Amino acid sequence: KNGVDATTVDDIADAAGISQRTFFRYFESKEAVLFGQWSWQLDVIARRIEKSPEDLAPLDAVRASIMSLAEGVERERHTVMLRSQLTQSSTLARNYYRQVIQPAWEEAITKALSARRSLDPLQDPLPRTLAGAAVGARNAAVDIWVAGGCTELLPEITQRAFETLSRSNG
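A brief report on the enclosed structure follows. (Residues numbered from 1 in each chain as written. Predicted model: local features only at pLDDT ≥ 70, side-chain atom pairs only at ≥ 80, totals over all residues. Heavy atoms only, no water.)

## Points about the overall build of the protein
Then step 1. Looking only at helices and strands, the protein features nine helices and zero strands.
Then step 2. Seen in sequence order, the protein has helices and strands lined up from the N terminus as α-α-α-α-α-α-α-α-α.
Then step 3. Once the C-alpha set of the protein is aligned to its principal axes, its extents read approximately 55 × 35 × 25 Å.
Then step 4. Relative to its full complement of 170 residues, the protein shows a buried share of 39%.
Then step 5. Across the protein, every contact between residues at least 6 apart in sequence was considered, and the portion connecting residues at least 24 apart equals 70%.
Then step 6. About 9,700 Å² of surface is accessible on the protein, with carbon and sulfur atoms providing 52% of the total.
Then step 7. Charged side chains of the protein number 20 positive and 22 negative; the gap between the two group centres comes to 2 Å. (Helix = DSSP H or I, 4+ residues; strand = E, 2+ residues; numbered from the N terminus. Buried < 20%, exposed > 50% of the residue type's maximum accessible area, 1.4 Å probe, protein only. Contact = heavy atoms within 4.5 Å. Areas by Shrake-Rupley, 256 points an atom, 1.4 Å probe, with all protein chains shown as cover. Lys, Arg positive; Asp, Glu negative; His and termini not counted. Charge placed at Lys NZ, Arg CZ, Asp CG, Glu CD.)

In structure tokens, the structure reads:
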């Protein structure tokens, strides 16, 4: 009711009937509460990229793995919409996403692409470049989806975002 930025960890702990110490056993910060458990997605993405068919282009392997998660997000439409609105209205939440979650996604994709093709991301720009572009496409799709009131299907918007990446080459 006070907004993300004005709410303190004490406020959250009091409302939940727990101590601040207990709060920090489960969450690293108040912003982390907003995003819940998200790191499992990184394992899913990485595993799917690494196990994708060898003849599948790297961008297509990343696209397929992210598309599989986009279908699951559809089931959490209301939660994702609220989280996105709060993230857009809160500097703290937006910074948490940009400084913690987005780099974790990019790193997971970079490592998976590197492992899939036996590439060194410090020598070859492909894994890190595709990871950044893929996360950008995902972010754009979610932003468009939320801005449109989540009426369109997220996988369709995500597909269009990745098609934009593919077309930007020519």
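## Topic: the environment of E28
Then step 1. Considering the arrangement of structural elements, one finds E28 in the loop between α2 (20–26) and α3 (30–35).
Then step 2. According to the relative accessible area criterion, E28 is exposed, its value standing at 55%.
Then step 3. What E28 contacts, discounting residues up to four positions off in sequence, is Y96 and V100.

## Some words on the nonpolar core
Then step 1. Grouped together as the largest cluster of nonpolar side chains are 40 residues, with contacts concentrated most on I66, W105, I109 and W145.
Then step 2. Contributing elements (two or more residues each) for this core: α3, α4 (40–50), α5 (58–73), α7 (91–117), α8 (126–147) and α9 (154–167).
Then step 3. With near-sequence residues (within four places) excluded, W145 lies in contact with V73, E74, R77, V80, C150, E152, L153, L154 and I157. (Core = buried A, V, L, I, M, F, W, Y, C linked by side-chain atoms within 4.5 Å.)

## As for the environment of F27
Then step 1. Mapping F27 onto the fold places it in the loop between α2 and α3.
Then step 2. Residue classification places F27 among the partly exposed residues on the basis of a relative accessible area of 25%.
Then step 3. In the structure, F27 is positioned ten residues away from Q37 in sequence and 9.6 Å away in space, judged by C-alpha atoms.
Then step 4. Once you skip the residues sitting within four places of it in the chain, F27 turns out to touch A32 and V33.

## Considerations on the pattern of salt bridges
Then step 1. Inspection of the entire model under this criterion finds three salt bridges.
Then step 2. Put simply, R63 and D60 hold a salt bridge, and the shortest N to O gap is 3.1 Å. Of this pair, R63 and D60 both sit in helix α5, three residues apart, which is roughly one turn of that helix.
Then step 3. The exposure class of D60 is partly exposed, given its relative accessible area of 29%.
Then step 4. Note that E107 and R128 form a salt bridge whose closest N and O atoms lie 3.3 Å from each other. In this pair, E107 sits in helix α7 while R128 sits in helix α8, placing the two residues 21 residues apart along the sequence. (Salt bridge = Lys/Arg side-chain N within 4 Å of Asp/Glu carboxyl O.)

So far we have only geometry, and geometry alone does not tell us how the molecule works.
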